[in-house]
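# Observations on the model geometry
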Amino acid sequence: MAELMAEVVIVGAGPAGIRAAGILAAQGLRPILVDEGRQAGGQGYRRPSPGLALDMDTLMGTEAGKYKALHADFAALLNRIDYRPRTLVWGIEDRRLHCVRDGRQTTIAFDALIVATGAMDRIAPLPGWILPGVFTLGGAQAVLKDQGCLVGRRVAFLGASPLLSLAALQYRKLGAEVVAVCDTSSFRDKIAALPQLAAVPRTLARGIAYLAALKRARVPLFDGVTPLAIEGEAGVTALRFRDGRGHERRIACDAVALGYGLKPETQLAELAGARFAFDARFRLWLPVTDEDGRAGEGLYLAGDGAAIGGADAAEASGALAALAVLHDLGLRSEHDERPALRRRLARLRRFQQGLARAFRWPVAALARLSDEVAVCRCEHVTAGDIRRAMDADLGPVDVNRVKAITRCGMGRCQGRVCGPALQEIAAAHAGLPVEAVGRLRGQAPLKPVPLGILEEEEA
Amino acid sequence: MAGGDNGASAAGEGRFVQAVPREAERVRFTIDGKSAEAQAGDSLLAAILVQRPVLRRHEFDGGERAGFCLMGACQDCWVWSEAGERLRACTTPVAAGMAIVTEPPAERFAHGRAHG
Ligand SMILES: Cc1cc2nc3c(=O)[nH]c(=O)nc-3n(C[C@H](O)[C@H](O)[C@H](O)COP(=O)(O)OP(=O)(O)OC[C@H]3O[C@@H](n4cnc5c(N)ncnc54)[C@H](O)[C@@H]3O)c2cc1C
Ligand code: FES
């Protein structure tokens, strides 16, 4: 029974990580489930912090059942797994994770590692995006669920994402004035994506229902929008854009929620040895896995951190990754659920590819981004700084070199926010396809750790 | 309700709106020496932004910041404890007696305002 002693560690307690933990526990293993957050659930199924009188049934709407089921299953699992909240994994070496918990360094050894680190918003800078009052779209939802707070009183939603209309509805329900929902992709993009979106009719219908509800509530909806600027001095006062018919508009607001879909948190997978390939549909570098999530020896990836797929795909891929671990440990069950899960996952990811087509990352707008706009909010590097560095004698083309020279992507967020924009700006300036300017590499520590931890590590 | 072109976060008003009440203990803390109140369970970021329009001033560009990602990824919301410990405001819960400083310790030393 040596296999039963195998230490399986899961990083990320979102839907993917929780489903993986459940499958391993059902086979008698006791996986370690590590998450930086204080509460399990991840991003989409984030729980209110203690004492908050937030009615999650209303907020989650049609997804309330799944939200409750995941949290109930997690509660039932707690005494069969080793759950370690408030634990950031910041590095990895020789099958050991370097973590920091409550300010103290710990290491966790593993035989198999499931990385289920989720995603964050993909951001396209525009003039004024650094003003107080501009937040990520996912963040605007996160602070609502976690804190019961609205990011402003008169909120505009800008970008290209199906979560724009969902977030706008949630904000409206809780008393915000939604002054505009501005989608930079066009109705034509949506039509072109219909064949792929039809892969999951229920979710497609849900998206259409959100838009219809916003229309009924007379929320101003715009598509085919060209964002011009977010205005303000000490904070946001207005959003200026050209609508789909070419009319310039200026809408007063005190907050903007900004998001162009999601980008996976792949840094840990990268440090663990995953290889990457450019995915033209998402215009993202994604880790290479087999259909069950294997990315290397003893390395498995699941959820949005492997390929953007949403919560349902996260659950399915978490289950698949755990079954792959069991299979590789020689613990095979009689009833093989994998073929059905693989089919389900393929369908859900096809839908997601449709979303990437319906809600487009604004490549052309980034290529044109005016020189004075800051791309990197940590180090204040502008689009002009990037272009000038590339124009210098022997100026670089590879984004990692551009980063070293300009410091764009070197700041405290480690390129999480500016990375995708930097790649587009560099590619456009070099006149190359975006995959030809390289991929920003991640490095330890994955997030800033308290002073002293790294020195301790070296000692 | 504030509104109009000046935005709602003009003069002293908070940027965030607490849309849902919380059943929790009240806690007192300070922001840059000024006393403030919050509830147990509030994140530092929410506790500060429901009463102020901004969190801090950026070290390089001097512009005001109020956080961005609200999920622990961008590190735009750092504040410090009086003792100099760095705190990520969006993921750190407020606690009774916290003394929060919105300027990095080095700058406080530079301005001769820090005490040990
Ligand atoms: C901010 C945000 C808001 C969203 N809101 C919605 C929504 O309202 N509705 C919706 O359908 N979808 C939403 N999504 C989409 C969401 O990605 C999926 O619904 C789903 O949560 C993906 O599940 P997952 O398990 O792959 O990852 P997640 O749910 O993102 O979970 C990943 C977990 O990994 C942890 N983690 C990451 N890196 C580390 C590390 N180095 N060390 C320790 N822990 C780590 C994180 O703390 C997190 O808890 C949102 C996404 C984001 C980014
Ligand atoms: S607001 Fe981004 S880390 Fe806190």
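In this numbering scheme, every chain counts its residues from 1 along its sequence in written order. Chains carry letters from A onward and ligands carry numbers from 1 onward, assigned in written order. In keeping with the predicted nature of the model, local features appear solely for residues at pLDDT of at least 70, side-chain atom pairs appear and are counted solely at 80 or more, and the whole-chain, interface and lining totals rest on all residues. With hydrogens and water set aside, each side-chain value is computed from the structure's full complement of heavy atoms.

As recorded by an unreviewed UniProt entry, chain B carries the name Putative molibdopterin-dependent oxidoreductase YjgC and is attributed to Chelatococcus caeni.

Per an unreviewed UniProt entry, the recorded name for chain A is NADPH-dependent 2,4-dienoyl-CoA reductase/sulfur reductase-like enzyme, and the organism is Chelatococcus caeni.

## Let's talk about helix α7 (residues 201-216) of chain A
All names here are of chain A. The secondary structure listing takes helices from DSSP runs of H or I that are at least 4 residues long and strands from runs of E that are at least 2 residues long, numbered from the N terminus. Take the residue count of a helix, subtract one, and multiply by 1.5 Å to get its expected span. Its 16 residues give α7 an end-to-end C-alpha distance of 22 Å, which sits within 8% of 22 Å, the value for a rise of 1.5 Å per residue. Relative accessibility thresholds used throughout: buried, under 20% of the residue-type maximum; exposed, over 50%; partly exposed, between the two (1.4 Å probe, protein chains only). Residues of α7 that are buried include every one of Thr203, Leu204, Arg206, Tyr210, Ala213 and Leu214, and no others. Residue contacts are counted whenever heavy atoms from the two residues lie within 4.5 Å of one another. As for α7, its buried residues are in contact with α5 (163-173), β12 (177-183), α6 (187-197), β13 (221-223) and α10 (338-358).

## A look at the sheet that holds strand β6 (residues 104-109) of chain A
Residues and elements named next belong to chain A. The pairing criterion for strands is at least two bridges between them, as found by DSSP. Sheet architecture is open: 3 strands sit in the order β4-β5-β6, paired in antiparallel fashion. The open sheet has two edge strands with one neighbour each: β4 (87-93) and β6. Ignoring which end each strand starts from, the neighbouring axes of this sheet average 30 degrees apart. Axis definition: a line fitted to C-alpha atoms, limited for helices to the stretch in contact. Angles are taken between N-to-C directions and run from 0 to 180 degrees.

## Here's the deal with the UniProt feature "domain: BFD-like [2Fe-2S]-binding" (unreviewed entry) in chain A
UniProt feature "domain: BFD-like [2Fe-2S]-binding" (unreviewed entry): in the numbering of this structure it lies at residues 375-426 of chain A. A distance of 12 Å separates the end C-alpha atoms of residues 375-426 of chain A, which is 48% helix and 8% strand. UniProt positions are given in the numbering used here, feature names are shortened, and annotations may be inferred rather than shown by experiment.

## So, the site of ligand 1
All names here are of chain A. Throughout this document, a residue counts as near a molecule or strand when at least one of its heavy atoms sits within 4 Å of that molecule or strand. What surrounds ligand 1 is a group of 31 residues, the closest being Asp35, Gln43, Gln141, Lys145 and Asp304. Between an oxygen atom of ligand 1 and a main-chain N or O atom of Gly44, the distance comes to 3.1 Å. Whenever two N or O atoms come within 3.5 Å, that pair is a polar contact, provided that in protein one can donate a hydrogen and the other can accept it, and provided that, for residues adjacent in sequence, both atoms are side-chain atoms. Within the side chain of Gln141, one N or O atom sits 2.9 Å away from an oxygen atom of ligand 1. About the coverage of ligand 1: the protein hides 92% of its 980 Å² of free accessible area. Element by element, the count of residues in the shell around ligand 1 is highest for helix α4 (residues 137-147), at 4 residues. Throughout this entry, Asp, Glu, Lys and Arg are counted as charged residues, while Ala, Val, Leu, Ile, Met, Phe, Trp, Tyr, Cys and Pro are counted as nonpolar. The remaining residues, Gly among them, count as polar. Looking at the shell around ligand 1, its residues break down into 15 nonpolar, 12 polar and 4 charged. Computed with the Shrake-Rupley method and a 1.4 Å probe, the accessible areas treat only the protein chains shown as cover for residues.

## Some details on the environment of B:Ile100
All names here are of chain B. Following the sequence through the fold, Ile100 ends up in strand β8 (residues 99-101). For Ile100, a relative accessible area of 1% gives the class buried. Separated by 56 residues in the primary sequence, Ile100 and Leu44 have C-alpha atoms spaced 9.0 Å apart. Discounting residues that sit within four places of it in the chain, Ile100 has contacts with Phe29, Thr30, Ile31, Asp32, Leu44, Ile48, Val79, Trp80 and Leu87.

## Remarks on the domain arrangement of chain A
Residue and element names in this part refer to chain A. Segmenting chain A into domains produces domain 1 (2-120 + 263-355), domain 2 (123-260) and domain 3 (363-437). Domain start and stop positions are those given by an automatic or database domain assignment. The distance between the C-alpha centroids of domain 2 and domain 3 comes to 26 Å. Of the residues lining the interface, 7 residues belong to domain 2; the matching set on domain 3 comes to 8 residues. Buried area: the accessible surface (1.4 Å probe) lost by two parts on joining, summed over both. When the two sides are added together, the surface that domain 2 and domain 3 hide from each other amounts to roughly 750 Å², 70% of it contributed by carbon and sulfur.

## Structural notes on the pattern of salt bridges
A side chain with one charge can pair with a side chain of the opposite charge if their charged atoms come near. Residues and elements named next belong to chain A. The rule for a salt bridge is simple: a side-chain nitrogen of Lys or Arg has to be within 4 Å of a carboxyl oxygen of Asp or Glu. Enumeration over the complete set of coordinates arrives at 40 salt bridges over all chains. For the salt bridge of Arg19 with Asp73, the shortest nitrogen-to-oxygen distance reads 2.9 Å. Taken together, the residues Arg19 in helix α1 (residues 15-26) and Asp73 in helix α3 (residues 64-77) connect sequence positions 54 residues apart. Classification of Asp73 by relative accessible area gives partly exposed; the value is 37%. Note that Asp371 is salt-bridged to Arg387, the shortest N-O span being 2.6 Å.

## Considering the sheet that holds strand β17 (residues 255-259) of chain A
Residue and element names in this part refer to chain A. The strand order β9-β17-β11-β12-β13 describes an open sheet built from 5 strands, whose pairing is parallel. Every other strand in the sheet has two partners, leaving β9 (134-136) and β13 as the edge strands with one partner each. Along the sheet, successive strands turn relative to each other by an average axial angle of 20 degrees, direction set aside. Summarising the sheet, strand β11 (residues 154-159) and β12 pair through 6 bridges and their orientation is parallel. Pairing of Arg154 across the sheet is with Glu177, part of β12.

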